[in-house]
Amino acid sequence: TYNFMQITIESLTNKKIAALGFGIEGKSAARFLLKHGSTVTIIDDMPESEFDSHDLEEFKKLGAEFVFGQFPDLVNYDLIVRSPGIPLFRDEIQEARKAEVTISSPTKLFFDFCPTQNIIGVTGTKGKGTTSSLIYEMLKEQGKDVYLGGNIGTPPLDFLDQLSSDSVVVLELSSFQLEDITKSPHIAVMLMVTSEHLAADQWGTKNYHKNIEEYIDAKRNLLQFQTQDDFAVVNHDYPASNESDVHTDGRVYYVSREQGVWQGCYVKDNAIWLKMGEREVEVIKTKDILLPGKHNWENVCAAILGATLAGAEEKAIVKVLKSFQGLEHRLELIATVGGVRYYDDSFSTTPETAIAAIEAFEDPEILILGGSTKGSDFSELGRIISDASNIKAIISVGAEWEQIKLKIKNEKLKIVEGKENMKEVVEAAAEIGELGDVVLLSPACASFDKFKNYKDRGEQFKAAVESLKN
């Protein structure tokens, strides 16, 4: 256990606190702690020059101190609040732990201080953002006082002071946010879990777990501390998620797009069905769901369950499913130009997400693939592309394309290489595209070789598609 000091909001006053990390969550935590009278030192490995001068100025005015470029000795602090990107197993943190310094995180503090029991936590390797947003929209449509936070939307400490005991909070939670929590949400939604976020890559990404067991264990903390009064929603179609049901004392409901379930939500006969107790109802036809892609049916099932358990009625749920278009850069329809639809799925940085995007369409597809390495295995992606009858062409982007290309065994595919930037890539796609085609940016790779991040890659794609209209 990491809890050596019982933390209450009142106990933060005059405490000497180290806030590790000066990213979005680190800033949120520092702001919250300063507001409640703590003495805060913000610590980050990166040099000061990497940060926005306005941010630095704001926190200096609030009274924060800074240590940049290295981690100092942490044993003399009363409390350490660790941002999710900083591994728990760092030596400085472990030394402080041995010295009985309390170690927390923004997520952990939120669970400690939250005045409402109505927390819905959503985790999984993929689909967290979409599912969390769907649940949030369904509860909002129902008229609930609902807040969306975590990995998506606002860091939850930012809205903590606005919450009442009737509020509902939907949190999208990554494994890094879950690895040291000691309370679980009232409704825990466990989506698909596959192997990601393991080992550092060549870009020096520090957000990693030592092994797959540690990653899955972190995810399972979502369920671990539930009581018999709580609910768990688990995906029945993936072993790591399905087997998590033994880790909760809550009541379990299952989600599946491949089979029926004895309690939960599933896909059958081109419709989504909800089975709770003795009651089994058809909620919506799959053709009426606006979100593209069969992989999203899993997310829809999980959202229907999560929202239903939190008090949303069928009318509100169906209204949202007929109107929710999805999140930015996640299979997002940008425009239709000359009868060709352009989809931005820049958020796809793994082969698994690219496969899901490719399988979302039956129309002829022109794929934009490649980027910087995450050490992925492209065998399955290569097989899917080789066997698909509807893929017309691939336009390559980035260094990792060479690895993908080795796995594709289809001589008939048109392959376009050597385009220098996104504008040239999109122009090449437009030349090939015909009425009814889909152009799909779902790169299956990270973006750091040519772009700042996946958002920048998506924005450049959007701008290039917009310029086709002129």
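Residues numbered from 1 in each chain as written. Predicted model: local features only at pLDDT ≥ 70, side-chain atom pairs only at ≥ 80, totals over all residues. Heavy atoms only, no water.

## As for the overall build of the protein
Where we set the bar: Helical segments are the DSSP runs of H or I of at least four residues, strand segments are the runs of E of at least two, and each set is numbered from the N terminus. When we talk radius of gyration, it's over C-alpha atoms, and the globule rule is simply 2.2 Å times the number of residues to the 0.38. Burial classification: accessible surface area is computed with a 1.4 Å probe over protein chains only, and a residue below 20% of its type maximum counts as buried, one above 50% as exposed, and the rest as partly exposed. Throughout, a contact is declared for two residues whenever any of their heavy atoms are within 4.5 Å. Working definition of accessibility: Shrake-Rupley area with a 1.4 Å probe, residue cover restricted to the visible protein chains. A positive count includes Lys and Arg, and a negative count includes Asp and Glu. His and the chain ends are not counted in either. The location of each charge is read from NZ of Lys, CZ of Arg, CG of Asp or CD of Glu.
Within the protein one finds 15 helices and 20 strands. By the compact-globule yardstick of 23 Å for 470 residues, the protein fits well, its C-alpha radius of gyration being 23 Å. Viewed in the frame of its principal axes, the protein has a C-alpha envelope of about 65 × 60 × 40 Å. Among the 470 residues that make up the protein, the fraction classed as buried is 57%. Partitioning the contacts of the protein with sequence separation of at least 6, the portion at a separation of at least 24 is 67%. Carbon and sulfur atoms form 46% of the exposed surface of the protein, whose accessible area is close to 20300 Å². Taken together, the 50 basic and 73 acidic charged side chains of the protein have centroids lying 2 Å from each other.

## Some remarks on the confidence of the model for the protein
In plain terms, the rule: What pLDDT reports is the predictor's confidence in each residue, on a scale of 0 through 100.
A residue-level look at the protein finds 93% of positions with pLDDT of 70 or above and a mean pLDDT of 90. The least confident element of the protein, judged by mean pLDDT, is helix α8 (residues 239–242) at 68; the most confident is strand β20 (residues 438–441) at 98.

## Some words on the nonpolar core
To keep it simple, the criterion reads: Throughout this description, the term nonpolar core refers to a set of buried Ala, Val, Leu, Ile, Met, Phe, Trp, Tyr and Cys residues connected via side-chain atoms within 4.5 Å.
By size, the foremost hydrophobic cluster in this structure holds 48 residues, and its most contacted members are Leu12, Phe22, Ile42, Phe59, Phe110, Leu160 and Leu163. Ranked by residue count, the leading element in this core is helix α1 (residues 24–35), at five residues. When near neighbours in sequence (up to four residues on either side) are disregarded, Leu12 contacts Ile7, Ile17, Phe32, Leu33, His36, Gly37, Ser38, Leu79 and Phe113. Of all hydrophobic cores here, the second largest spans 46 residues; its members include Ile120, Val122, Phe231 and Ala303.

## Observations concerning the sheet that holds strand β14 (residues 279–285)
For clarity, the cut-off: Two strands are counted as paired when DSSP detects at least two bridges linking them. Throughout, an axis means a line fitted to C-alpha atoms (over the contacting stretch in the case of helices), and angles, computed between N-to-C directions, take values from 0 to 180 degrees.
Reading across the sheet, the nine strands line up as β7-β8-β6-β9-β10-β11-β12-β13-β14 and stay open at both edges, with mixed pairing between neighbours. Each having just a single partner strand, β7 (146–150) and β14 make up the two edges of the open sheet. Taken pair by pair, the neighbouring strands of this sheet meet at an average axis angle of 20°, ignoring direction. Relative to strand β8 (residues 168–172), strand β6 (residues 119–123) is paired through four bridges, and the arrangement is parallel. For Ile120, the partnering residue across the bridge sits in β8 and is Val170.

## Notes on the environment of Gly127
Its place among the elements puts Gly127 in the loop between β6 and α5 (128–141). Sequence-wise, Gly127 and Asn296 are 169 residues apart; in three dimensions their C-alpha atoms are separated by 7.6 Å. Look past the residues within four positions of Gly127 in its chain and what remains in contact with it is Leu191 and Asn299.

## What to know about the sheet that holds strand β1 (residues 16–20)
An order of β3-β2-β1-β4-β5 is seen for the five strands of this open sheet, with the pairing classed as parallel. This sheet does not close on itself; its edge strands, each paired only once, are β3 (65–68) and β5 (102–104). Each strand axis lies, on average, 20° off the axis of its neighbour in the sheet, ignoring direction. Across the face of the sheet, α1 comes into contact with β1, β2 (39–44) and β4 (79–82) while running at roughly 165° to β2.

## Notes on the pattern of salt bridges
Just so we agree on the cut-off: Any carboxyl oxygen of Asp or Glu within 4 Å of a side-chain nitrogen of Lys or Arg constitutes a salt bridge here.
Using the criterion set out here, one finds 25 salt bridges in the structure. A salt bridge links Glu417 to Lys405, with the nearest nitrogen and oxygen atoms 2.8 Å apart. Placement of Glu417 in the loop between β19 (414–416) and α14 (422–432) and of Lys405 in helix α13 (residues 401–405) is noted, with a sequence separation of twelve residues between them. One network of salt bridges, with partners in common, ties together Asp45, Arg90 and Glu92.

## Comments concerning the packing of aromatic side chains
Which entries qualify depends on this criterion: Pairing of aromatic side chains requires ring centres within 6.5 Å, counting the rings of Phe and Tyr and the six-membered ring of Trp. Pairs whose planes differ by under 30 degrees are stacked, by over 60 edge-to-face, and all others tilted.
Taken as a whole and judged by the stated rule, the model has twelve aromatic pairs. A centroid spacing of 6.1 Å and a plane angle of 85° characterise the contact between Phe110 and Phe159, whose relative ring orientation is edge-to-face. Taken together, the positions of Phe110 in helix α4 (residues 106–113) and Phe159 in the loop between β7 and β8 put the pair 49 residues apart, joining distant regions of the chain. No difference in accessibility class separates Phe110 from Phe159, as the two residues are buried. Relative to Tyr253, the ring of Phe231 lies with its centre 6.3 Å away and its plane at 45°, an arrangement referred to as tilted. Separated by 22 residues along the polypeptide, Phe231 in strand β10 (residues 231–235) and Tyr253 in strand β11 (residues 251–256) bring together distant segments of the chain. Each member of the pair, Phe231 as well as Tyr253, carries the same accessibility label: buried. Following the ring pairs from residue to residue traces out a cluster consisting of Phe22, Phe51, Phe59, Phe66 and Phe68.

## Quick look at the side chain of Lys462
Stated formally: Definition of a polar contact: a pair of N or O atoms within 3.5 Å, with one able to donate and the other able to accept a hydrogen when the atoms are protein atoms, and with sequence-neighbouring residues admitted only if both atoms are side-chain atoms.
The topology assignment puts Lys462 in helix α15 (residues 454–468). A distance of 2.9 Å separates the side chain of Lys462 from the side chain of Glu328, its partner in a polar contact. If sequence neighbours within four positions are ignored, Lys462 has contacts with Glu328, His329, Glu332, Ile334 and Asp344.

## Comments concerning α4
Of all eight residues that make up α4, seven are buried, and the element is covered over most of its length. Every buried residue of α4 is accounted for by Pro106, Thr107, Lys108, Leu109, Phe110, Phe111 and Phe113. Residues of α4 that are buried make contact with α1, β4, β5, β6, β8 and α6 (175–178).

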